[in-house]
Amino acid sequence: MADGSVEFHKKTIYTFALATTFLWPVSAFPQGVGETTVLDEVLIEGDKIGRTFDEIVPSIVVFTEEDLERPDLPTVFSVINSSPNVIADEDGTLPTVRGISSTVNTNQVLGSGVLPRVPILVDNVATGAAQSSGLLSNTAWDVSTVEVAKGPQATSTGQNAFSGAIRIFTNDPVFEPEYKFRVGGQTFRNEFNGAFVANQPFFDDQVAIRVAGQIRDSDTVVFVDDPLVTALDPNELRFQDIRSKIRYVPDQAPELDLQFTYEVNDTRDHFAPIVEPAVLDPFLGTVITPANGPDERFINSFQTNSAIDLTLRQRFIGEGSYEFNDRTKLFLRASRSTTDLENPFLGTPLPGFRPFGSLLFDEVENEFEAYLQFGFSDIITKGVIGVLHTRSDETVDTDPSPVAALDPFLIDVVGDAVTTGVYGEVEVNVGKPINLDGLTLIAGARVEFDERSRSVFADTFLQSSATFEETAFLPKVGLKYEFDQGTEIGYTYSTAFRPAGLEVDLVSGFLFPVGSSGFLGIAEFEREDLTNHEAYIKTSVLDDQLKLSATGFFYNYEDAQVVGASPTPSAFAAFGFALTGNVPEARGLGLELAADFIHDSGFSASGSIGLLDTEITDAGDFLPTVAGVNLDSLPNTAEFSANFGVNYAHDAGWNVGVNVRHVGDIQSLPNSTVLPSYTVVDLRGGYEFDGPKGTNFRLDAAVSNLFGADFFVENTETPIGPGQQTAARDRSFAIQLTGKF
């Protein structure tokens, strides 16, 4: 099209972007069948170089606002879980992407200041591992896109984007009135939810203010009946969020765009209910039989520690952009994020052992980023150069007052991290000088300077104090060729690293008998590095009604940080505690296939297959001596996963669809059993109708896990015992009403 805009079917906005997902491409408010609309070119914001939806590689999966409003996808976890080779079952651990888990061991000073291998970013601001799970378990209300980028993302994202990145972007204020609400509920946890958005322009459309809020109130899956719990109701869960944005685009300088965001998030969540394992008492030498039956679930591990997370997050973001011309644009951002997280003591102490007091986490992160998008000529078509500087300070300590009379185990952790990254990437039309139009070279790199320190006190004794400094050069090189008929092939070589660190065997500390203390095991682990090779082909046939893509990848993983690989033994290894160490070498090989079909009649179908094979090729000197350890694959790896869905949308405003997801056997931890494969079937339907005075409403209903598939995921965040498993979501029903004015 001459004006550079992109034409899409209204009901299937960004069709190709969804080709690698399992989602039904149906707008939340579909128009008549066959209607089309012309949209401006929409950028992949997390890419930072200025690529549009039709220019991204298939390994970047994009979920639009229409997908995020579906009732059968109640959380960000459930949204991203439909991506090939992504394991993100709700109430489990942080996502595993292409066989590389982003979850950190609990003993890494309880996750404070530790970045996951797949960082979670909201409006380009990353969070630590201790907070990331909570972000993914929230809904995606008033979110414009969620980008799941697989493979190293060091150039664009940095911040330990080791095996991928989850990038969440919320809606900005717009210069036209917009008001909407949503009310709904689901049988899972007996949840009720409500949300609203109010957007209003002022001062001749130079200023716009947008306020979005939501609340979710529900119950725990497992009822906690403990007479010692008096401070709060352990069975009530709540999520409250309010986000306000103000945007200013002056008439005198429309190329200038300024925005300030303030968001506060208050959450009462709990650790996922787990299946209690039988464990060996390290003192008596006998097996402790779990109190609950094999099919029952419980929350408090050993009834000694909290199961509730009380989290208060605040974000302050000031950002601006200036468009010099249609090829050059400058972006500036400064942000401050604060997190206060408490695990109040709720459980009944295990007789004879020392409980934790309430655990208190505090983290403050200040960040500045500046980058310039450019395109100099027909040769250098796209480019970006930028710098990012981050300073974070965190503390973890215990409040002994709830268990003061019980000789509690006390900890005090102080840490900080400073990271500076300089990055750049360009696309060069190398085919033009040689008369081979469509041939493009991609070249980029990031230089990252990382320094972090940590001091750990336990029972007033200094257990460890260490500083780690890293400098990494992370290159990226690629080549792509676009044929005249719309087919594109490409190859990319990329790298990533994750800094060294330490962990102290704190979790075992509370198991010392009353009146005793001991020196806890300390394990330092080295930095890990990844080199990734990726090749793809994508095409469209049948007059662009059918989109097809295939992506193959191979990575070499050096000095992998793996739970259980440390030569330093845990003080209570019999309970399944294990420390993180380095596995010298591992590798991964995989294939991702995807298809997306859309017809003007209203019928659509999507499907994807993920194949993955990982292998620890060099286990080092100590791992083979661990009895029963499976060294064949990396943790939390499924060799086969598949998604398939169909949907039909009628002119009258109603639609129905079915969604099927299958995950193969998973080896989750070196000391755990293989979790069997499972298949989950979801149904959904909706109806749109007009209300009075130009209002528009949509009623949606869904059944998740229709056949009640009983499956589990390994809880690697809290490896309390061998084979401990997190119970996944049961069959649930959901209904919601959305209105727009």
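Up top you'll find the structure we're talking about.
Residues numbered from 1 in each chain as written. Predicted model: local features only at pLDDT ≥ 70, side-chain atom pairs only at ≥ 80, totals over all residues. Heavy atoms only, no water.

(A) Representation of the overall build of the chain within the structure. Scanning the chain from N- to C-terminus turns up three helices and 42 strands. For the chain, the proportion of its 741 residues judged to be buried stands at 60%. In the chain, once contacts between residues fewer than 6 apart in sequence are set aside, the share between residues at least 24 apart is 69%. As presented, the chain carries roughly 27900 Å² of accessible surface, and 59% of it is formed by carbon and sulfur atoms. (Helix = DSSP H or I, 4+ residues; strand = E, 2+ residues; numbered from the N terminus. Buried < 20%, exposed > 50% of the residue type's maximum accessible area, 1.4 Å probe, protein only. Contact = heavy atoms within 4.5 Å. Areas by Shrake-Rupley, 256 points an atom, 1.4 Å probe, with all protein chains shown as cover.)

(B) Spatial organisation of the pattern of salt bridges. In total, this model carries 43 salt bridges according to the counting rule given. We note a salt bridge from Lys-180 to Asp-142, for which the minimum N-O separation is 4.0 Å. Here Asp-142 lies in the loop between helix 3 (129–136) and strand 9 (143–150) and Lys-180 lies in strand 11 (residues 178–186), a separation of 38 residues in the sequence. Just as Lys-180 is buried, Asp-142 falls in that class too. Linking Asp-172 and Lys-245 is a salt bridge whose minimum nitrogen-to-oxygen distance equals 2.9 Å. Of this pair, Asp-172 sits in the loop between strand 10 (164–170) and strand 11 while Lys-245 sits in strand 14 (residues 236–248), placing them 73 residues apart in sequence. By relative accessible area, Asp-172 is classed as partly exposed at 34%. A cluster of three or more residues bridged by salt bridges with shared partners is formed by Glu-65, Asp-123, Asp-142, Asp-172, Glu-178, Lys-180, Arg-210, Asp-241, Arg-243, Lys-245, Glu-263 and Arg-315. (Salt bridge = Lys/Arg side-chain N within 4 Å of Asp/Glu carboxyl O.)

(C) Expanded view of empty space enclosed by the protein. In this structure, the second largest cavity occupies an estimated 400 Å³ of space. Counting only elements with at least two residues in the lining of the second largest cavity, the list comes to helix 3, strand 10, strand 14, strand 15 (256–270), strand 19 (308–325), strand 20 (328–343) and strand 21 (358–374). Along the lines of polarity and charge, the residues of the lining of the second largest cavity split into 10 nonpolar, 12 polar and seven charged. (1 Å grid on protein atoms, 1.4 Å probe; cavity = no way out; pocket = protein on both sides within 12 Å on 5 of 7 lines; lining within 4 Å. Points joined across faces, edges and corners; volume = space filled by probe spheres on them. Nonpolar A, V, L, I, M, F, W, Y, C, P; charged D, E, K, R; others polar.)

(D) Highlighting the environment of Phe-324. Inspection of the secondary structure assignment puts Phe-324 in strand 19. C-alpha separation for the pair Phe-324 and Glu-255, spaced 69 residues apart in sequence, amounts to 7.2 Å. Filtering out sequence-adjacent residues up to four positions away, Phe-324 remains in contact with Leu-330 and Leu-372.

(E) Representation of the sheet that holds strand 5 (residues 96–97). In space, the three strands of this open sheet follow the order 4-5-6, with antiparallel pairing throughout. Among the strands making up the open sheet, the edge pair consists of strand 4 (86–87) and strand 6 (100–101). For strand 5 and strand 6, the ladder comprises two bridges, and the chain directions are antiparallel. By the bridge assignment for strand 6, Val-97 is matched with Ile-100. (Pairing = 2+ DSSP bridges.)

(F) Here's a closer look at a nonpolar patch on the surface. A surface patch of nonpolar side chains, about 520 Å² in accessible area, is lined by Trp-654, Val-656, Tyr-687, Phe-689, Leu-699 and Ile-735. Only strand 35 (654–663) and strand 38 (678–690) provide two or more residues apiece to the nonpolar patch. Relative to the assigned elements, Phe-689 resides in strand 38. (Patch = residues over 30% accessible without salt bridge, like charges linked within 9 Å, V, L, I, M, F, W, Y side chains within 5 Å.)

(G) Highlighting unusual backbone geometry. Phi is positive for Asp-123, which is not a glycine, with a value near 55 degrees. Secondary-structure assignment places Asp-123 in the loop between strand 7 (120–122) and strand 8 (125–126). Taking the relative accessible area as the measure of exposure, Asp-123 reaches 8% and is therefore buried. Phi at Asp-559 is positive, roughly 55 degrees, even though this residue is not glycine.

(H) Geometry of the packing of aromatic side chains. Taken as a whole and assessed by the stated rule, the structure comprises 14 aromatic pairs. When the ring of Phe-697 is compared with that of Phe-741, the centres are 6.2 Å apart and the planes differ by 90 degrees; the resulting orientation is edge-to-face. Placement of Phe-697 in strand 39 (residues 696–704) and of Phe-741 in the segment after strand 42 (732–740) is noted, with a sequence separation of 44 residues between them. Assessed through its relative accessible area of 15%, Phe-697 is described here as buried. These aromatic residues form a ring-pair network of at least three members: Phe-181, Tyr-687, Phe-689, Phe-697 and Phe-741. Lys-180 extends its terminal NZ or CZ atom over the ring of Trp-141, reaching a point 5.1 Å from the ring centre. (Phe/Tyr/Trp six-rings, centres within 6.5 Å; stacked < 30°, edge-to-face > 60°. Lys NZ or Arg CZ within 6 Å of the ring centre and 35° of its normal.)

(I) Here's a closer look at the pairing of strand 9. Of all the eight residues making up strand 9, eight are buried; the element is thus mostly covered by neighbouring parts of the structure. Strand direction decides the pairing type here: strand 3 (residues 60–64) and strand 9, joined by five bridges, are antiparallel. By the bridge assignment for strand 9, Ile-60 is matched with Ala-149. The pairing of strand 9 with strand 10 spans seven bridges and is classified as antiparallel. Paired with Val-143 across the bridge in strand 10 is Thr-170.

(J) Up close: the nonpolar core. In terms of nonpolar packing, the biggest core is built from 23 residues, with Ile-80, Leu-136, Val-146, Ile-166 and Ile-168 touching the most fellow members. Elements supplying a minimum of two residues to this core: strand 3, helix 2 (76–80), strand 7, helix 3, strand 9 and strand 10. If sequence neighbours within four positions are ignored, Leu-136 has contacts with Thr-75, Val-76, Phe-77, Ile-80, Leu-94, Pro-95, Ile-120 and Ile-166. If you look at the next biggest cluster of nonpolar residues, it comprises 17 residues, including Phe-409, Val-456, Ala-458 and Ala-500. (Core = buried A, V, L, I, M, F, W, Y, C linked by side-chain atoms within 4.5 Å.)

(K) Examining the sheet that holds strand 7 more closely. A sheet is described by the order of its strands in space; here five strands give the open sequence 3-9-10-7-8, paired in mixed fashion. With one partner strand each, in any of the chains shown, strand 3 and strand 8 form the two edges of the open sheet. In the sheet, strand 7 pairs with strand 8 via two bridges, with the strands oriented antiparallel. Note that in strand 8 the partner of Leu-121 across the bridge is Ala-126.

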